Amino acid sequence: METVLKSGSGPARIPPTLDRRGFLRATAGGATAVAVASLLPAGCADEYPQAQADGVALQALTPKEYAVARAAAEALLAGVPVEPASVAAAIDTNLAAVGDPIRADMKTVLTLLEHLTVLGGRFRRFTALDPEARLGYLLTWARSRFALRRAAFQAVRAFVYFFSYSQDVTRPLTGFEGTWPERGVPIPAYPVDFGEVR
């Protein structure tokens, strides 16, 4: 599956609320979360066939991480006319381009979401839950007393919403009529003199 984002496409993008220096390590317990995530099983591609079924050639995420991103999109985007697969593919593509530490932090968050469902009172993996149960589980992270869990939820939500609402199909929902050039308003390019550069 090829992700097409006509408006605003170009270089790698991350949600504006995230810092390029990383979001996970800046919270209390971030280093511990990275250590815990490194001990969790990687998961076989056969257990997580979503990327292959969607026709996505993964660049940054593992099949398991892609499946978790897709499952999070399914839960958070109920009623929004965006395919969760396109959101997960956009997350993968942009994480590959942005690189570390954002990529490493997001991969850690996706791994923790998949395996720490017991913290939210569920005994099945995140991807095995139905979308309503996934949303309920995500909300336990949003309301957690631990800054790390809240930061992880905010990152997942920011990525999912950013890469869904930047798609043209959501324009009727947001009222965005398009960029000025799309609406026939020419924006001329003017030369800029920055003076002498040393």
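Residues numbered from 1 in each chain as written. Predicted model: local features only at pLDDT ≥ 70, side-chain atom pairs only at ≥ 80, totals over all residues. Heavy atoms only, no water.

Examining the confidence of the model for the chain
With 77% of its residues at a pLDDT of 70 or more, the chain has an overall mean of 82. Predicted confidence for residues 1–9 stays below pLDDT 50, and this span has 20 contacts to residues more than four positions away or in other chains. (pLDDT = per-residue confidence, 0-100. Contact = heavy atoms within 4.5 Å.)

Examining the packing of helix α4 (residues 84–98) against helix α5 (residues 102–115)
As a packed pair, α4 and α5 sit with axes 8 Å apart at the nearest point and diverge in direction by 140 degrees. On the basis of the axis angle, α4 is oblique to α5. In this structure, α4 contributes Leu95, Ala96 and Val98 to the contact, and α5 contributes Ile102, Arg103 and Met106. Looking at the contact of α4 with α5 residue by residue, the class counts come to five nonpolar, no polar and one charged. (Axes fitted to C-alpha atoms, helices over the stretch in contact; angles between N-to-C directions. Helix = DSSP H or I, 4+ residues; strand = E, 2+ residues; numbered from the N terminus. Parallel < 35°, antiparallel > 145°, perpendicular 65-115°, else oblique. Nonpolar A, V, L, I, M, F, W, Y, C, P; charged D, E, K, R; others polar.)

Things to note about the pattern of salt bridges
Counted according to the given criterion, the structure contains nine salt bridges. Here Lys107 makes a salt bridge to Glu65, at a shortest N to O gap of 2.7 Å. With Lys107 in helix α5 and Glu65 in helix α3 (residues 63–76), this pair connects stretches of sequence that are 42 residues apart. Comparing Lys107 with Glu65, the two get one shared label, buried. For Arg171, the salt bridge identified is with Glu182, shortest N-O distance 2.8 Å. Placement of Arg171 in helix α8 (residues 171–174) and of Glu182 in the segment after α8 is noted, with a sequence separation of 11 residues between them. For Arg171, a relative accessible area of 17% gives the class buried. Overall, Glu182 belongs to the partly exposed group, its relative accessible area being 41%. What you see here is one network of salt bridges that share partners, running through Asp54, Arg70, Glu74 and Arg134. (Salt bridge = Lys/Arg side-chain N within 4 Å of Asp/Glu carboxyl O. Buried < 20%, exposed > 50% of the residue type's maximum accessible area, 1.4 Å probe, protein only.)

Some details on the environment of Glu177
Position of Glu177 relative to the elements: it lies in the segment after α8. Setting aside its immediate chain neighbours within four residues, Glu177 contacts Arg171 and Arg183. Within the structure, Glu177 has its side chain in polar contact with the side chain of Arg183 (distance 3.1 Å). (Polar contact = N/O pair within 3.5 Å; in protein donor to acceptor, adjacent residues only side chain to side chain.)

Thoughts on the packing of aromatic side chains
Aromatic rings considered in pairs are described by the distance between their centres and by the relative angle of their planes. Going through the model one piece at a time under the given rule, you end up with five aromatic pairs. With centroids separated by 6.0 Å and ring planes inclined at 75 degrees, the aromatic side chains of Tyr137 and Trp141 adopt a geometry described as edge-to-face. With a gap of four residues between them, Tyr137 and Trp141 both fall in helix α6 (residues 131–142), about one helical turn apart. With respect to burial, Tyr137 and Trp141 carry one shared label: buried. Between Phe159 and Phe163, the ring centres sit 6.1 Å apart and the planes meet at 35 degrees, which makes this aromatic pair tilted. In this pair, Phe159 and Phe163 both sit in helix α7 (residues 147–165), four residues apart, roughly one turn of the helix. (Phe/Tyr/Trp six-rings, centres within 6.5 Å; stacked < 30°, edge-to-face > 60°.)

A word on the side chain of Ser166
Within the secondary structure layout, Ser166 lies in the loop between α7 and α8. Of note is the side chain of Ser166, whose polar atom sits 2.9 Å from the backbone oxygen of Phe162.

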